[in-house]
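Analysis of the macromolecular model
This is what each chain is made of:
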Amino acid sequence: MAAVMAVESGQSRLRPFSCELGLLSRPDGRATFLQGVTPSVLAGLYGPVEAKISKELPDRAALEVLLRPKVGLPGVLERSREQLLRQTCEAVVLGALHPRTAITLVLQVLSDASLLSCCLNAACMALLDAGLPLAALFCGVTCALQPDGSVLLDPTARQEQEARAILTFAIGSSERKVLMATTKGSCSVEEMQQCLAAAQGAADTIFQFYRDSVRRRYCKS
Amino acid sequence: MRRRAARRPRPWWGSGAARDLLLLPAQYDEDAEGDGCGSARAERRRGAAVRAGAAALRAGLLVTKCGLLRHRPAGGGAFWVDSQQKRYVPVKGDHVIGIVTAKAGDVFRLDVGGSEPASLSYLAFEGATKRNRPNVQVGDLIYGQFLVANKDMEPEMVCIDSSGKSSGMGIIGQDGFLFKVSLGLIRKLLAPKCEIIQELSQLYPFELVLGMNGRIWVKAKTVQQTLIIVNILEACEYMSAEQRKQALAKLSGNR
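All of these numbers come straight from a predicted model, not from anything done at the bench. (Residues numbered from 1 in each chain as written. Chains lettered and ligands numbered in written order. Predicted model: local features only at pLDDT ≥ 70, side-chain atom pairs only at ≥ 80, totals over all residues. Heavy atoms only, no water.)

Here we look at the overall build of chain B
Short version of the rule: By the criteria applied, helices consist of DSSP H or I runs no shorter than four residues and strands consist of E runs no shorter than two, each listed in order from the N terminus. The buried label goes to any residue with under 20% of its type's maximum accessible area, the exposed label to any with over 50%, and the partly exposed label to all in between, with areas taken from a 1.4 Å probe on protein chains only. Note on areas: these come from Shrake-Rupley sampling with a 1.4 Å probe, and a residue is covered only by the protein chains present in the view.
A count of helices and strands for chain B gives six helices and 13 strands. Residues classed as buried in chain B amount to 45% of the 255 residues present. Carbon and sulfur atoms make up 51% of the accessible area of chain B, which amounts to about 12800 Å² in all.

Digging into the packing of aromatic side chains
Going by this rule: Aromatic pairs are defined between Phe, Tyr and Trp rings, using the six-membered ring for Trp, whenever the two ring centres lie within 6.5 Å; interplanar angles under 30 degrees are classed as stacked, those over 60 as edge-to-face, and all others as tilted.
By the definition in use, this model includes seven aromatic pairs over all chains. Aromatic side chains Phe17(A) and Phe33(A) sit 5.9 Å apart centroid to centroid with 20° between the ring planes, which places their arrangement in the stacked category. With Phe17(A) in strand S2 (residues 12-21) and Phe33(A) in strand S3 (residues 29-35), this residue pair connects regions lying 16 residues apart in the sequence. Taken individually, Phe17(A) and Phe33(A) each receive the classification buried, so the pair is uniform in this respect. When the centroid spacing of 6.4 Å and the interplanar angle of 20° are considered together, the rings of Tyr88(B) and Phe146(B) count as stacked. Taken together, the residues span a long stretch of sequence, with Tyr88(B) in the loop between strand S4 (78-82) and strand S5 (95-104) and Phe146(B) in strand S8 (residues 141-148) at a distance of 58 residues.

Observations regarding a nonpolar patch on the surface
Residue and element names in this part refer to chain B. The cut-off we apply is this: Within this analysis, patches are made of residues with over 30% relative accessible area and no salt bridge. Like charges are joined at 9 Å or less; nonpolar side chains (Val, Leu, Ile, Met, Phe, Trp, Tyr) at 5 Å or less. When a carboxyl oxygen of Asp or Glu lies within 4 Å of a side-chain nitrogen of Lys or Arg, that pair is called a salt bridge.
Residues Phe 177, Val 223 and Leu 227 make up a contiguous nonpolar surface patch of roughly 270 Å² in combined accessible area. Here Val 223 shows up in helix H5 (residues 223-235). Residue classification places Val 223 among the exposed residues on the basis of a relative accessible area of 63%.

A few points about the packing of helix H1 (residues 76-92) of chain A against helix H2 (residues 116-130) of chain A
Residue and element names in this part refer to chain A. Rules: Think of each axis as a best-fit line through the C-alpha atoms, taken over the contacting stretch in the case of a helix, with angles from 0 to 180 degrees between the N-to-C directions. Just so you know how the angles are binned, under 35 degrees is roughly parallel, over 145 roughly antiparallel, 65 to 115 roughly perpendicular, and the rest oblique. By convention the crossing between two helices is left-handed if the near helix lies anticlockwise of the far one by an angle smaller than a right angle, and right-handed if it lies clockwise. Two residues qualify as a contact provided that any one of their heavy atoms is within 4.5 Å of a heavy atom in the partner residue. In this classification, the charged set is Asp, Glu, Lys and Arg, the nonpolar set is Ala, Val, Leu, Ile, Met, Phe, Trp, Tyr, Cys and Pro, and all remaining amino acids, among them Gly, are polar.
Contact geometry of H1 with H2 gives a least axis separation of 11 Å together with a crossing angle of 40°. By the angle class used here, H1 and H2 are oblique. Crossing handedness for the pair H1 and H2: right-handed. Contacts between H1 and H2 involve Arg 81, Leu 84, Leu 85, Thr 88 and Cys 89 from the first element and Leu 116, Cys 119, Leu 120, Ala 123 and Leu 127 from the second. For the contact of H1 with H2, the residue count by class is eight nonpolar, one polar and one charged.

Below, the structure written as structure tokens:
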């Protein structure tokens, strides 16, 4: 069920990406997302299941995201990414339809370098696979601002180190609105807007890719 | 062959096998209308009905699940999204298989695969009175129907219909085999003229209970025959119709 596509977009190009649905057998929703060759994330989603009394919310589902690094225990970086991912997912999941339940999303990083955008894409595919009610889809795009001021979409680990600033956006499918933005390094407002425009341009190709992989899954049955 | 679950009328599931329009949450893609999954014949059969559904989506209906758009013209017409998922959410009127997890006073707690256990009163069995209690033990399987199921309340099951008859529901016998499949496969198996069930019934006699929560209970004459049926049904999720026919032909030849 793997699909690979390379995309040409404006100022730079996204590396080829592919996904595999249904690798794990136990979770309710599962997806693997590979961006470029290395960064790949395995996602498993459980829910809606019974929530612990301490975590139960009376009006909506309690969403929990767990990010596991390739080796070792999750640290501060993982925790901060978990928060970003959780807030992004909460913005699209219609949790009010399943009150007093819990939804758990587990993301296992399988490569040395893990882009936040890769985690975002894997999370969205897992939500789709689980059939949870969503208000919109979202995708993650990372932009690197190079020392000469040019924008590079979807940088590799090496390019990321050389870059002046790294910007990651989560973009919703309805009117390509920004759901989450995080930056590292210094950039001007104009540069940020330039990156956002590039990310929004790349979002369409990712949404088309979602559609293609879901179609492949539904055609088989 | 006795088929308890399939006996109830469910005229619309899988009625329009050829009408496929893939929907994703909050997305409506007009280009996708022309490149559905079906064959050329299927494309032609995708009639004006689905186009009407597509028009409703354009008019501002929000899609929240991904799946194929289906249509039932009978009874005023209805549209729904047929999605493949594994987690069951209780729906009023659904027939499911529950596992008794506890006996709490005058109700039983049943695990139905949803987010919380369902309750089942000891009086909700055919012929049950305060004196004459049904013999239900923890761990028993129960085939019943949801009387109450909504997001804000605990789901409640019964094993009788509105006239007080069991109509196939109740405790499932001690032997047999219970396993889980995806909800999409269950809906396919419950379709009125399901090919898989028809082909299997020609192999040898067996009992089958299908729960809308993805649970299937099978019992044939021997354990071996039971496991063959289980393996075929489990494999149906990944096999095409042709592969299934080949596997079944091989089995009936070996007999």
